[in-house]
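What follows is the residue order along each chain.
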Amino acid sequence: MQPSNPHILKLEHFLSELDRFDIVIDVRSPAEFALDHIPGSVNYPVLSNEERIEIGTLYKQVSPFAAKKLGAAFVSRNISQHLETHLLEFPREWRPLIYCWRGGERSGAFTHILNRIGWKALQLEGGYQGFRRTVIDGLEQAANAFTFQVICGMTGSGKTKVLQEIGALGAQILDLEVLAVHRGSVLGNEPNIEQPSQKAFETALWNALRKLDASKPVFVESESKKVGGLHIPDALMEKIRNGACIELRSSTQTRVSWLIREYHHFLIDTDNFKNKLALLTAHYGKVQIAKWNEAIDAGNFPELVEELLVMHYDPSYQSSIVRNFPQYKIDNFVQLENDSDEAFLQAAKALILQANA
């Protein structure tokens with residue numbers, strides 16, 4: 001029987017041990033790291049993007065042995081550079097966790113060298129793939145364990161702002177739009193910021209939920225199954241949609257005012273605004289889109305926003321909220337008086353009180 005490796009962290013101990021490490025080092029290539037990684041980890045790649053491709057090509061076209069020889073040269077050189085650049089200042093007590101794609105060659109080499117130096121480094125069993133299984137299982141468990149208090153409301157009613165106020169008051173929240181880096185509508189992408197990958201979004205969800213207490217309700221906005229280009233996991237979405245609902249209501253005037261404040265970047269980058277509205281051509285036709293573009297050119301933003309609400313967003317909300325949220329009740333609501341900070345704070349307090357009633 002082969003003895004167990006004392007420098008391996010078993011996957012079943014990952015969650016209980018994760019926060020005890022001084023650092024988590026992802027030694028995969030920058031491209032792999034960018035797609036998804038353990039929250040809080042740093043990327044010290046032992047193969048660059050180009051080196052990884054070169055080694056893979058050599059493995060397939062020449063031989064595994066040839067690939068291993070060149071790979072060892074690349075890995076040794078890169079580990080040496082990381083030692084000199086990032087690690088020399090750390091004391092003997094410093095405790096890192098290392099992982100790669102499957103917990104194999106790349107993280108094994110890095111872990112071995114750090115332990116030979118004298119640090120107590122551990123290598124994550126299964127690497128990123130093992131972590132990914134932890135995320136998927138964790139999201140399934142969260143869907144079963146948590147209860148959600150859903151804040152409904154038409155576009156522009158201030159759901160995200162009031163959700164943040166609820167969090168500031170100490171209640172538990174899950175901000176799906178922040179995690180998805182998107183505001184959840186055709187105009188909802190954040191300026192100059194790309195959405196994360198689907199896997200990174202799921203990791204962010206898992207990480208947010210693992211910090212919450214499943215014995216207490218979690219406030220969340222009513223969302224569609226997709227936030228921008230990202231899909232909310234089915235089991236979690238079903239649990240949210242079956243949560244108790246309270247609607248946040250505000251006047252059309254307040255909603256228009258709030259939307260102009262929140263989407264001010266479209267008032268500056270009007271070409272981008274027009275490009276987004278062009279996505280609605282199939283629904284409303286070229287003539288209507290042209291009229292909206294004329295309103296943009298004329299600077300008639302309050303009138304345009306109100307028309308978009310009345311024609312597009314409000315009918316869509318009314319048809320979907322009853323269909324998708326079975327506990328929605330038209331008489332269960334909190335009124336947002338205006339779009340001032342004080343009004344949002346009072347609405348947040350009222351939502352918490354009503355949820356606890």
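Residues numbered from 1 in each chain as written. Predicted model: local features only at pLDDT ≥ 70, side-chain atom pairs only at ≥ 80, totals over all residues. Heavy atoms only, no water.

1. Points about the overall build of the chain
And then number 1: A tally of regular secondary structure across the chain gives 16 helices and 12 strands.
And then number 2: Oriented by its inertia axes, the alpha-carbon framework of the chain measures out at about 70 × 50 × 35 Å.
And then number 3: The buried share among the 357 residues of the chain stands at 45%.
And then number 4: The contacts of the chain with a sequence gap of at least 6 include a subset with a gap of at least 24, amounting to 72%. (Helix = DSSP H or I, 4+ residues; strand = E, 2+ residues; numbered from the N terminus. Buried < 20%, exposed > 50% of the residue type's maximum accessible area, 1.4 Å probe, protein only. Contact = heavy atoms within 4.5 Å.)

2. Looking at the side chain of Glu177
And then number 1: Along the polypeptide, Glu177 turns up in helix α8 (residues 176-180).
And then number 2: Of the side chains with opposite charge, Lys159 lies nearest to the buried Glu177, which makes no salt bridge, at 6.2 Å.
And then number 3: A polar contact is formed between the side chain of Glu177 and the side chain of Thr160, at a distance of 3.0 Å.
And then number 4: Excluding anything up to four places from it in sequence, Glu177 contacts Thr160, His182, Arg183, Gly184, Glu221, Glu223 and Val227. (Lys, Arg positive; Asp, Glu negative; His and termini not counted. Salt bridge = Lys/Arg side-chain N within 4 Å of Asp/Glu carboxyl O. Polar contact = N/O pair within 3.5 Å; in protein donor to acceptor, adjacent residues only side chain to side chain.)

3. Overview of helix α5 (residues 105-117)
And then number 1: In this model α5 runs 19 Å from its N-terminal to its C-terminal C-alpha over 13 residues, within 8% of the 18 Å that 1.5 Å per residue would give.
And then number 2: Of all the positions in α5, only Arg106, Ser107, Gly108, Phe110, Thr111, Leu114 and Asn115 are classed as buried.
And then number 3: Buried positions along α5 lie against α2 (30-35), α3 (49-61), α4 (64-87), β4 (96-99) and β5 (122-124).
And then number 4: Where α5 terminates, the next one or two residues include Gly118, which has phi positive at roughly 135°. (Expected span 1.5 Å × (residues − 1).)

4. Details of the packing of aromatic side chains
And then number 1: Throughout the structure, instances matching the rule amount to 11 aromatic pairs.
And then number 2: Between Tyr263 and Phe266, the ring centres sit 6.2 Å apart and the planes meet at 10°, which makes this aromatic pair stacked. In terms of burial, Tyr263 and Phe266 fall into one category: buried.
And then number 3: The side chain of Arg28 reaches across the aromatic face of Tyr128, ending 4.5 Å from its centre. (Phe/Tyr/Trp six-rings, centres within 6.5 Å; stacked < 30°, edge-to-face > 60°. Lys NZ or Arg CZ within 6 Å of the ring centre and 35° of its normal.)

5. Observations concerning the sheet that holds β4
Within a beta sheet, neighbouring strands are joined by backbone hydrogen bonds and run either parallel or antiparallel to one another.
And then number 1: If you trace the 5 strands from one edge of the open sheet to the other, you get β1-β5-β4-β2-β3, paired in parallel fashion. Each end of this open sheet is capped by a strand with a single partner; those strands are β1 (8-9) and β3 (42-43).
And then number 2: Pairing of strand β2 (residues 23-26) with β3 involves 2 bridges; the strand directions are parallel. When the sheet's bridge partners are listed, Ile25 is paired in β3 with Val42.
And then number 3: α5 rests against β4 and β5 of the sheet, and its axis sits at about 155° to β4. (Pairing = 2+ DSSP bridges. Axes fitted to C-alpha atoms, helices over the stretch in contact; angles between N-to-C directions.)

6. Some points on the nonpolar core
And then number 1: Judged by nonpolar contacts, the single largest core of 41 residues is most densely connected at Phe14, Leu124, Phe148, Leu174 and Ile240.
And then number 2: Per element, the largest residue contribution to this core is 5 residues, and it comes from helix α6 (residues 127-145).
And then number 3: In this structure Leu124 touches Leu9, Leu11, Phe14, Ile38, Leu97, Ile98, Tyr99, Gly103 and Phe131, once residues within four positions along its chain are discounted.
And then number 4: Core analysis: the second largest hydrophobic core is formed by 20 residues, Tyr44, Val75, Ile79 and Leu87 among them. (Core = buried A, V, L, I, M, F, W, Y, C linked by side-chain atoms within 4.5 Å.)

7. Some words on the sheet that holds strand β12 (residues 333-335)
And then number 1: Taken together, 5 strands build an open sheet; the order of strands is β7-β8-β6-β11-β12 and the sheet is parallel. One side of each edge strand has no neighbouring strand; the edge strands of this open sheet are β7 (173-174) and β12.
And then number 2: Looking at chain direction, β7 and strand β8 (residues 218-221) are connected through 2 bridges and run parallel. Within β8, the position partnered with Ile173 by the bridge is Phe219.

8. A short note on the pattern of salt bridges
And then number 1: Across all of its chains, the model carries 15 salt bridges by this definition.
And then number 2: A salt bridge links Glu17 to Arg20, with the nearest nitrogen and oxygen atoms 3.2 Å apart.
And then number 3: Look at Glu17 and you get buried, because its relative accessible area is 18%.
And then number 4: What makes Arg20 exposed here is its relative accessible area of 56%.
And then number 5: A cluster of three or more residues bridged by salt bridges with shared partners is formed by Glu17, Arg20 and Arg95.

9. Here we look at helix α15 (residues 301-324)
Three or four residues apart is the spacing at which side chains of an α-helix point the same way, because the helix has 3.6 residues per turn.
And then number 1: Taking the largest bend as the criterion, α15 deviates by roughly 40°, centred on Leu309.
And then number 2: Those residues of α15 lying buried are Phe301, Leu304, Val305, Leu308, Leu309, His312, Tyr313, Asp314, Tyr317, Ile321 and Asn324. (Bend = angle between axes of the 7 residues up to and from the residue.)

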